[in-house]
Amino acid sequence: MFAKSWVKGLTRFSFTEIFIPLIIVAGSSLWLSGRSTSLLLFIKFTLCYLMMVLSLQVFVGNSGVLSFGHGSFAMVGAFVSGLATAPLVIKQHAMSLSNLWQPLVDFKLNLGMSLLASAIAGGVFAALTGGFLMRLNGLAAGIATFALLGITYNILFNNNHIGPSNQALPGVSQFSSLTLPLVLVLLAMVLVYFYNLSRLGRTLRATREDNMASRGLGINIVRVRWMSFMFSGLLAGLAGAMYAHVGGAVQVQDYYLGFTFFTLAMLIVGGSASLWGAVLGTIVVSGVSQILLMWEQSTPVLGVTIHLPIGTRAIVIAGMLVVILLWRPNGISNGNEFKLPNFLSKIKVS
Amino acid sequence: MQILEIEDLNSGYGKVDVLLDITFSMKAGQCFGIVGPNGVGKSTLLQTIAGAIKPKSGSIKLLGNEISGRNPEDIVRSGLALVPEGRQIFGGLTVMENLQLGLTGRADKKTSHQAIEHVAELFPVITTHSKQQAGLLSGGQQQQLAIARALITDPKVLLLDEPSLGLAPNIINNLFSNLKRILEAGTTLLIVEQRANLVTKFADEILILREGLIQDRLNKIDAQDENKLKKAYFGLGANE
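Throughout what follows, the structure given in this document is the object of discussion. (Residues numbered from 1 in each chain as written. Chains lettered and ligands numbered in written order. Predicted model: local features only at pLDDT ≥ 70, side-chain atom pairs only at ≥ 80, totals over all residues.)

### With respect to the environment of Gln 102 of chain A
Residue and element names in this part refer to chain A. Relative to the helices and strands, Gln 102 is located in helix H6 (residues 102-106). Gln 102 gets classed as exposed once you count the C-beta atoms within 10 Å, which come to 8. Between the alpha carbons of Gln 102 and Val 185 there is a distance of 33 Å; along the sequence they are 83 residues apart. (Helix = DSSP H or I, 4+ residues; strand = E, 2+ residues; numbered from the N terminus. Buried ≥ 20, exposed ≤ 12 C-beta atoms within 10 Å, placed from the backbone.)

Listed below in structure tokens is the structure:
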């Protein structure tokens, strides 16, 4: 009998591993967002970053292949959602959009459908590019994904037939409240958790541990990676769209090197091998970054004002990254999912 | 019926030739042992048969079908599995998850649960440590898991590379009695082993490999004669 459950079973499912991170993300988002409008905006952006870090966790965390290319999917998602929700009057009259291809001028979707379209666009773009990229390993794969980021950026930055090129696309409809981005992120967290437990996630982790042994068990590494890349592209497309709907504008520069560095730093600081790592990394790096940004602008944080030179934020986050890589290479979570502290586990048992 | 046929197989790494014109064949249910000193190409032979190394020339047929040069993932689906030297279990995954991965290469998915029950009966460690991280198992337990995981793929031919490596004598005895049971169940075994006496007990034939060539072949009776085995192993001629 036990063997039947083994064949299909989600072998590591634990209620606390998924429930507690959900509570932490939902609770802290709702609590902080009610305190001020600036904190509400910060929480909305943090949720966008968390969506992007979840996307990276699905692929980078499970495959061990570093991807710099996920910003491409976020760019595509942002452009699709931005163009779908920007008012017609802006698309017809904005200087930056004067050469926009007519079908894109006429392209119109509501917010919900535009988010869906952006996720599909990100997933399709990942599927198309992943067919080639997933054949590469190690350093070559990382460099190739970086090339993808550069190619996508330069196409979108220099072509004003498919978007605003190097200008901003204004008037993108914004999230009216925290509800939609929060629900999307919570749903994504549940999906990513179950993906990590699924046969596909497990198989991808096996390829990360030992490429040759995996092939010796009949695992087609290219196909397994490709499917994961597609799923993570879908989440990245959604993350890009959410970012556009928080900021109310789309600008391709927002998704390039800074965005890539920032989101990868979140993943590595938290720990790339688990959902909990992605959540922790996003919270820690976003929090530190926001505090440093405010001090760079000489704004008090909890009554404390420190005058920091511009650029401190990036230096500190890069420093955090180095420290983590040196002393805790599996990130703050150590690659583990959330676990109750021992004393609480004992209380629960007794 | 010949289940595995190797003919004029040449293999190596880059410009280095390791295996030279290897030819032998096995019938279903047979066990062959490959013995020889370090560095003569024993592991290279198994890896070439399993598809991990592309052969330079020659033919490898499994059940009459040419598998030479095919990908390892295709070969395992055709019915040939390798338990590599060093086990290569996935240390970060649990015992159960390691076994589930073995199901990927299994052609008949409907009988997956019977396969798991079968290997659990052979190797009780699978049930007693099912949720334990595989990397935390002892060497002997890891070897049992590696063999069980390969068996899950439902191989007609099972290749084992140095299964006794790093194991205590009592663990080795237990392991080889399990291999005997696997053989009796009809799986063809090709075992590379430094400790020749371990395979001579039940192998139908011993191939002595030196300098990339099969230098000698001993049948079951000759292989159990220690003098003949020593002479063949050290290249003094089996029949002197």
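### Brief notes about the packing of helix H3 (residues 37-63) of chain A against helix H9 (residues 179-197) of chain A
All names here are of chain A. H9 packs onto H3 with a crossing angle of 15° between their chain directions and a minimal axis gap of 10 Å. One element, H3, and the other, H9, form an angle in the roughly parallel class. For the pair H3 and H9, the sense of crossing is left-handed. Taking contact as the criterion, the partners of Lys 44, Leu 47, Leu 50, Met 51, Leu 54, Gln 57, Val 58 and Asn 62 in H3 are, on H9, Pro 181, Leu 182, Leu 184, Val 185, Ala 188, Met 189, Val 192, Tyr 195 and Asn 196. Each residue belonging to the contact of H3 with H9 can be placed in one class, and the counts come to 13 nonpolar, 3 polar and 1 charged. (Axes fitted to C-alpha atoms, helices over the stretch in contact; angles between N-to-C directions. Parallel < 35°, antiparallel > 145°, perpendicular 65-115°, else oblique. Left-handed = near helix turned anticlockwise from the far one by under 90°. Contact = placed C-beta atoms within 7 Å. Nonpolar A, V, L, I, M, F, W, Y, C, P; charged D, E, K, R; others polar.)

### Side note on the sheet that holds strand E1 (residues 2-13) of chain B
All names here are of chain B. As summarised here, the arrangement of the 4 strands in space is E2-E1-E4-E5, forming an open sheet in which the pairing is antiparallel. Every interior strand has two partners, whereas the edge strands, strand E2 (16-27) and strand E5 (65-66), have only one. Judged from the 2 bridges that link them, strand E4 (residues 57-62) and E5 form a sheet pairing that is antiparallel. Its bridge partner being in E5, Leu 62 is matched across the sheet by Asn 65. Set on the sheet, helix H1 (residues 42-49) makes contact with E1, E2 and E4; between it and E2 the angle comes to about 65°. (Pairing = 2+ DSSP bridges.)

### Examining the interface of chain B and chain A
Interfaces are often sized by the accessible area lost when the parts come together. Facing the 32 residues of chain B at the interface are 21 residues of chain A. Top element by residues in the side of chain B that touches chain A is helix H3 (residues 95-102) of chain B. It accounts for 6 residues. A breakdown of the residues in the side of chain B that touches chain A according to their chemical character gives 14 nonpolar, 13 polar and 5 charged.

### Some thoughts on unusual backbone geometry
Residue and element names in this part refer to chain A. Within the chain, Leu 302 stands out as a residue other than glycine whose phi angle is a positive 50°. With respect to the helices, strands and loops of the structure, Leu 302 is situated in the loop between helix H14 (275-296) and helix H15 (312-327). Of note, Asn 334 is a non-glycine position whose phi angle comes to about 60°, a positive value. With respect to the secondary-structure elements, Asn 334 resides in the loop between H15 and helix H16 (342-349).

### Quick look at the pairing of strand E9 (residues 205-210) of chain B
Residues and elements named next belong to chain B. Where strand E3 (residues 31-35) meets E9, 4 bridges bridge the pair, whose relative direction is parallel. Within E9, the position partnered with Ile 34 by the bridge is Leu 207. As paired strands, E9 and strand E10 (residues 213-219) are joined by 6 bridges and run antiparallel to one another. Residue Leu 209 lies in a different strand from E10, and its bridge partner there is Ile 214. Between E9 and E10, which pair antiparallel and follow one another directly, the connecting turn spans 2 residues, one of which, Glu 211, has a positive phi of 50°.

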